[in-house]
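# Topology and contacts: notes
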Amino acid sequence: MIIIDELPFRFVEGEGFRSFMRAICPRFRIPSRWTISRDCYDLFIEERSKLKSFFKKNCQRVSLTTDTWTSLQRINYMCIIAHFIDNDWKLHKRIINFCPISSHKGEAVGRAIETCLLEWGLDKVFTVTVDNASSNDVAISYLKKKLANWGVSVANSTYLHMRCMSHIINLVVQDGLKDVNDSVMKVRDAVRYIRSSPARLKRFKECVLHEKIESKSSLCLDVPTRWNSTYLMLNTAQKYEKAFERYESQDPMFKIDMGENGIPDYYDWTQVRKMADMLAHFYELTLRISGSRYVTSNLFFSEVKFDKYWGDVDKMNKIIYFAVVLDPRDKFEFMEYSFSQMYGKEKGVELFNKVKSCLFDLFNEYKKMYQPNVEQFNDNSSQQLSGSCSTTSSINSKPKFFLKHHYKKQKLEESGGFDSKTELEVYLSEAIQEEKEDFDVMKWWKINYERFPILGKMARDILAIPVSTVASESRESAFSTGGRVLNSFRSFLTPKIVEGLICVQDWIRPLNIQVNVEEDLEELEKLEEGMLYTLSYLC
């Protein structure tokens, strides 16, 4: 309860909790805050041991996301999250580190990631998704050298560095907001003025009723540095334009405090409405590509077409194209056409051929890594079959899979299938899957893994790649949790305890918990109305 609900350790010593426990379970011996602290850390150690064991048995390669955060104590923390697909083709996201870091410089970041990987025994890293800070370039270069020394890199770590799409979207949106900054500032100040007093808020609600505005959304303040909160603020405020106009005539102090030119006029509301409509697309896009419970690497191609992201196509990390090809609904069908549309026919064809060539090179590398295991599996299967033909009962005890596999292998060898076509070529030659809303790319690969064992291992690594680090910064994420766990009332927690609380919360929290902003706003609206009623009654 303490960990999941982010309660302070002293909660167990509160009189309210003690009275509650005396009524519910009088025989329960309430522990002290020090015992709770120790028990929480012991649980962290226990769960970490379980997760390490799970990694060894179920993890092929991991893709990482990482970012840094500064606490109220002015301590720099770094969060590292591992993303991988297990043996049962389920996507996992696990916080494996939330530790203090000496500085935000690239080499310090690189060393911290290296230390974390060594502690967890995770040397097989496929990609690292980071934002566009120049220090991250240094960190990735440091990691490339280490992976090369460990002898576990894929394609010489060519595809290690992934650029966070959500940070690119943030830069694009912040650049666009500059054009309407004055109008946004006026609306922000108007919302702040009304929300600063219960009496003002009550009067504004009366204006809403007079104007017959049917909206359950509540005016919300934004964080200017976070454009998504600015969008929510603007989108809600523009619905109450007429209520703001009426409020201006109802409250004489509004004009005095805001200033003659500080109140949003018709032009400002027009600009805000246009901006809210535009930001809605970016907001929905960010939500789609920032999911941590479903595959996102195959979504980017049809979603993101910004020059800021694509930049010099020759310098792009081509691994993001491979994920599209490994989606059986797309393959190469849409890619060649899109390249021609974006870069012109000549440049588009050239890029398409490069992507195709790099994909086949990567497949051949995977074939060298895993083909011996597959062949050994086939040989063992054949030996078991030949050795079991002496009795009928022995034959019947063997799984039918081995017999079918032996038959298919013989037929393919007779037709020249193994020599003439690779798994990748067979996969690409098959018809693309029909586009359906309930199509599950992970389920498709789980079903077809036996047909494409080498390509399946490749898909398992590529589809696990997160294209955004925003999952580390969203409301349900590590840094948001860090801000709540290490708030002004708990600012004396040691870094060791902070890491334990944040990591173990991520590991034991039920996966089906979803955060619904609209429902939270409705609850706040009800709470607000109850408070206003109480204040009115007391007055």
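The shown structure was predicted, so the numbers you read here are calculated from the model rather than taken from an experiment. (Residues numbered from 1 in each chain as written. Predicted model: local features only at pLDDT ≥ 70, side-chain atom pairs only at ≥ 80, totals over all residues. Heavy atoms only, no water.)

## Focus: the overall build of the protein chain
Counting secondary structure elements, the protein chain contains 25 helices and five strands. Here the protein chain holds 539 residues, and 46% of them are scored as buried. Intrachain contacts of the protein chain at a sequence separation of at least 6 include 72% that bridge at least 24 residues. In the form shown here, the protein chain has an accessible surface area of approximately 29,100 Å², with 52% of it arising from carbon and sulfur atoms. (Helix = DSSP H or I, 4+ residues; strand = E, 2+ residues; numbered from the N terminus. Buried < 20%, exposed > 50% of the residue type's maximum accessible area, 1.4 Å probe, protein only. Contact = heavy atoms within 4.5 Å. Areas by Shrake-Rupley, 256 points an atom, 1.4 Å probe, with all protein chains shown as cover.)

## Examining helix 6 (residues 181-195)
Relative to the 21 Å expected for 15 residues at 1.5 Å per residue, helix 6 spans 21 Å between its end C-alpha atoms, a close match to the ideal helical length. For helix 6, the set of buried residues is Ser-183, Val-184, Val-187, Arg-188, Ala-190, Val-191, Tyr-193 and Ile-194. Structurally, helix 6 contributes buried residues whose contacts are with helix 5 (165-177), helix 7 (198-210), helix 8 (227-237), helix 9 (241-250), helix 10 (252-258) and helix 11 (266-289). (Expected span 1.5 Å × (residues − 1).)

## Brief notes about the sheet that holds strand 1 (residues 62-70)
Spatially, five strands are ordered 3-2-1-4-5 in an open sheet, and the strand pairing comes out mixed. Each end of this open sheet is capped by a strand with a single partner; those strands are strand 3 (91-100) and strand 5 (161-163). Taking the axes of each pair of neighbouring strands and ignoring which way they run, one obtains an average angle of 25° across the sheet. Here strand 2 (residues 76-85) pairs with strand 3 via nine bridges, running antiparallel. Following the sheet pairing, Ile-81 is matched in strand 3 by Ile-95. (Pairing = 2+ DSSP bridges. Axes fitted to C-alpha atoms, helices over the stretch in contact; angles between N-to-C directions.)

## Concerning the pairing of strand 2
Within strand 2, 10 of the 10 residues are buried, which leaves it mostly tucked inside the rest of the structure. Both strand 1 and strand 2 contribute to a ladder of eight bridges, which runs antiparallel. By the bridge assignment for strand 2, Thr-65 is matched with Ile-81.

## Some thoughts on the pairing of strand 4 (residues 125-130)
Along strand 4, six of the six residues are buried, which leaves the element largely enclosed by surrounding structure. Here four bridges tie strand 1 to strand 4, and the two strands are oriented parallel to one another. Across the sheet, residue Ser-63 finds its bridge partner in strand 4, namely Thr-127. The sheet contact formed by strand 4 and strand 5 spans three bridges and is parallel. Across the sheet, residue Val-128 finds its bridge partner in strand 5, namely His-161.

## Some points on the packing of aromatic side chains
Inspection of every chain in the model, using the stated rule, returns 27 aromatic pairs. Relative to Phe-452, the ring of Tyr-427 lies with its centre 5.8 Å away and its plane at 85°, an arrangement referred to as edge-to-face. Remark: Phe-452 occurs in the loop between helix 21 (441-448) and helix 22 (453-462) and Tyr-427 occurs in helix 20 (residues 423-429); sequence separation between them is 25 residues. Each member of the pair, Tyr-427 together with Phe-452, is buried. Members of the aromatic cluster, joined through ring pairs, are Tyr-41, Phe-44, Phe-54, Phe-55, Phe-84, Trp-120 and Trp-507. Positioned over the ring face of Tyr-370 is Lys-457, at 4.9 Å from the centre of the ring. (Phe/Tyr/Trp six-rings, centres within 6.5 Å; stacked < 30°, edge-to-face > 60°. Lys NZ or Arg CZ within 6 Å of the ring centre and 35° of its normal.)

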